[in-house]
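Reading the structure
For reference, the chains in residue letters:
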There are 2 protein chains.
Amino acid sequence: MKDFFKVATIEQVMSLRNRFPVLKRTTVPLSEACGRILSESIAAPENLPGFRRATMDGYAVRAASTFGASESNPAYLTIAGTSRMGESPDFSIGNGEAARISTGAMLPDGADCVVMVEHTEAMDATTLEIYKSAAPGQYVIEPAEDFAKGDIILSEGKRLRAQEIGLLAAFGRENVPVFGRPVIAVISTGDELVPMMEPPGPGKIRDINTHTLAALIQECGAEPVSYGIVPDNRKSLARILEAAVEASDMVLLSGGSSVGVRDIAIDALSNLPETDILIHGISISPGKPAILATSRQKAIWGLPGHVTSTMIVFLKVVKPFIHHISGAADMLFQTSVRSARLSRNVASAQGRVDYIRVKLRETEDGLVADPILGKSGLINTMVKADGLVEIGLNVEGLNQGAAVEVELLT
Amino acid sequence: MKDFFKVATIEQVMSLRNRFPVLKRTTVPLSEACGRILSESIAAPENLPGFRRATMDGYAVRAASTFGASESNPAYLTIAGTSRMGESPDFSIGNGEAARISTGAMLPDGADCVVMVEHTEAMDATTLEIYKSAAPGQYVIEPAEDFAKGDIILSEGKRLRAQEIGLLAAFGRENVPVFGRPVIAVISTGDELVPMMEPPGPGKIRDINTHTLAALIQECGAEPVSYGIVPDNRKSLARILEAAVEASDMVLLSGGSSVGVRDIAIDALSNLPETDILIHGISISPGKPAILATSRQKAIWGLPGHVTSTMIVFLKVVKPFIHHISGAADMLFQTSVRSARLSRNVASAQGRVDYIRVKLRETEDGLVADPILGKSGLINTMVKADGLVEIGLNVEGLNQGAAVEVELLT
């Protein structure tokens, strides 16, 4: 309880993100750019599509040639030629003239709209009846309608989705400027741990956190590097920590929930080069004993030993720091949320943010969130969970039937 | 209009999924298993954690030794030893006895609970005062509390998230049985298309769909294989289609929105081995002209030429087929949804499901969805969009202020 006064709110921890520099810029081929963060704003080098395109099969005409046309009083036009796909027509259209055109083809000069084939009838090879009046611009994409030359098409910090990949392809960007992918070191501590490949002897368990954290890091678009299990002593821990800080962009040290081991970790962190212990305890449950230190301008996290606590601290606290050093400008609408109603009362303590694991269930009255009971030392609570429900710092609990936003654990 | 009667609902298309077999089973190392689909149910080979573990730092005792203890009337116990981390204690605890224990360590025989160090005071090396009564099981995880030997820990068809990776590590599964990753062929058609690397001449545009679809396929956890741009003629198309069907698990053919090109595509599809045109038109907008054919028990999709239409058919129709052949049992809570209110009226035609692109905006009254106007031939509508709002088959439109579920385009 001695360091209770140091416990920071999640907001206080978040405000420290700017201490850590964004990674270096690099370039990747377009085929590898999906999910990456753009490292410079990009202007359109030309108009898109660059020419006047039809969006329907039919006839390119001047709209004025069709004014007043109807089923009972069709307009009669002369077919002047065919606008072929992927070619620039070698003729132009005047009043009273039409050109056959397919979706995607270029309108001939003089034409300002397309009449759907369904509203026409070709009387012979050169005579066309039109049954409906057309407006200028109808079924046409103008040369700069998608993007105009010089427009900023994408801004620095944008996370590239499939449509952004398509847009970059539209402008012929074979190589894309992006920020580097963070390399994140994962270290487990604990004399009770054995590597996953070994059968655990009495009193021992396999190292779960290394593998869970590696998967979470991959899901963030970053690259995990495992340093294995370090014995609970100052010297081994200090040596590995220093190597990990040197070789990576962030370090996650998990384990050491017991007071003695936590003291060893704090001591090892305190002796790193250019170091500072920034946070020692976060008002979050599960996950309160989390530590944030810095060395060589890199973040080093001390995460709880229980896998559920570690996962929640990762998702709610560490992940925004990974996004920050990745250069991501705005991850606002990147998390998956579902609205649901709680199926039972849930208690919470004031002065901390609680994350309740819930299972979702579809009912006639909409989605229902069933709280999952069980200690945070049990991985089964996370395996059963579809998502997390947050109970705020100053809320004592939530009642059965309360409307909640469930953040999905996808 | 001639084939209007054939237009299928999305549900009718979905009901065809079972025609397509799930991919073969394979095995991957645990480090590559995140996001993959489990291909067999897995039973716990042993209890987890396998021994009685402390979840707090303090003293392991028999609860009965503490009954009635309080600040004013402490219980006095004899410290019999220390339960060391990662070891099996070589002593047991009787009535009136206690063992020092750290979080994660094994309780000695005879102890049934842990008393937090904060509720105790060690008077000397062997005498302990306890100020609070403890219940059996307090701050303890029982040997089979997380999972019992023989329990099904994960079922076939489960998509593996970080916590499932952790669980498999807990049981020492170095290799994980999963279904194969679908290999999806991507073919573009259109005489107006040039490869991304080439400057488009007059009337031409770069091939956007190949790159957009490849990115969408990667986001699904599948592997795209590009066959490039095929000229709009029956013979070339038939040859490439047959090669693609042979070499991949599904084929996406995009382009050919114009009637002439669509006829060529239908003709080429009709002449494949063991072929059938299952769907010709879907009641979805944008995206109505989509085609589903089959050859050699594989799905072949004819997708619209406009990139927005192609993306929406992919997300709403093709993706569930990819999940099906991937062996995924339940992708129910995998999509990202946000509740919002529409900022303006949106019209829709009855008899089709409309997907409106929206941009999200946070306001004091919650999230607002601004519909994005613009033709489906424009990629900028998808680049601006945070998500899609569905307007159902028999709904004429949505009013300003309507509560909508926005499916995020992440």
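So, here's what we can say about the structure.

Rules of the game
- Residues numbered from 1 in each chain as written.
- Chains lettered and ligands numbered in written order.
- Predicted model: local features only at pLDDT ≥ 70, side-chain atom pairs only at ≥ 80, totals over all residues.
- Heavy atoms only, no water.
- Pairing = 2+ DSSP bridges.
- Helix = DSSP H or I, 4+ residues; strand = E, 2+ residues; numbered from the N terminus.
- Axes fitted to C-alpha atoms, helices over the stretch in contact; angles between N-to-C directions.
- Least-squares fit on C-alpha atoms with pLDDT ≥ 70 in both.
- Contact = heavy atoms within 4.5 Å.
- Phe/Tyr/Trp six-rings, centres within 6.5 Å; stacked < 30°, edge-to-face > 60°.
- Buried < 20%, exposed > 50% of the residue type's maximum accessible area, 1.4 Å probe, protein only.
- Buried area = accessible area lost by both parts, 1.4 Å probe.
- Salt bridge = Lys/Arg side-chain N within 4 Å of Asp/Glu carboxyl O.

1. A word on the sheet that holds strand S6 (residues 97-101) of chain B
Strands belonging to one sheet form pairs held by backbone hydrogen bonds; the direction of such a pair is parallel or antiparallel. Residue and element names in this part refer to chain B. With respect to topology, 6 strands assemble into an open sheet ordered S7-S4-S6-S5-S9-S8, the strand pairing being mixed. The open sheet has two free edges, formed respectively by strand S7 (113-116) and strand S8 (120-122), since each of these has just one partner strand. Along the sheet, successive strands turn relative to each other by an average axial angle of 40°, direction set aside. Where strand S4 (residues 58-61) lies against S7, 4 bridges are found, and the strand directions are antiparallel. Across the sheet, Val61 pairs through a bridge with Cys113, a residue of S7.

2. A short note on the relation of the copies chain B and chain A
When chain B is fitted onto chain A, the two copies agree to an RMSD of 0.1 Å after a turn of 180° and an axial shift of 0.0 Å. In short, the pair behaves as if placed about a two-fold rotation axis. Residues of chain B ranked by C-alpha distance from the rotation axis are headed by Ser336(B), positioned 2.0 Å from it. A share of 99% of interface residues in chain B that are also interface residues in chain A marks the association as one of identical surfaces.

3. Focus on the packing of aromatic side chains
All names here are of chain B. Under the definition given, this model contains 6 aromatic pairs over all chains. Judged by centre distance (6.0 Å) and plane angle (65°), the ring pair of Phe20 and Phe321 falls under edge-to-face. Placement of Phe20 in the loop between helix H1 (10-14) and strand S1 (25-29) and of Phe321 in helix H6 (residues 307-325) is noted, with a sequence separation of 301 residues between them. The two residues Phe20 and Phe321 agree in class, both being buried.

4. A look at the interface of chain B and chain A
Size of an interface: often given as the accessible area lost when the parts come together. Across the contact, 89 residues belong to chain B and 88 residues belong to chain A. Interface area, chain B with chain A, both sides summed: about 7100 Å², of which 59% is carbon and sulfur. Counting across the interface, chain B meets chain A through 6 salt bridges. Glu46(B) is the salt-bridge partner of Arg206(A), the closest N and O atoms lying 3.0 Å from each other.

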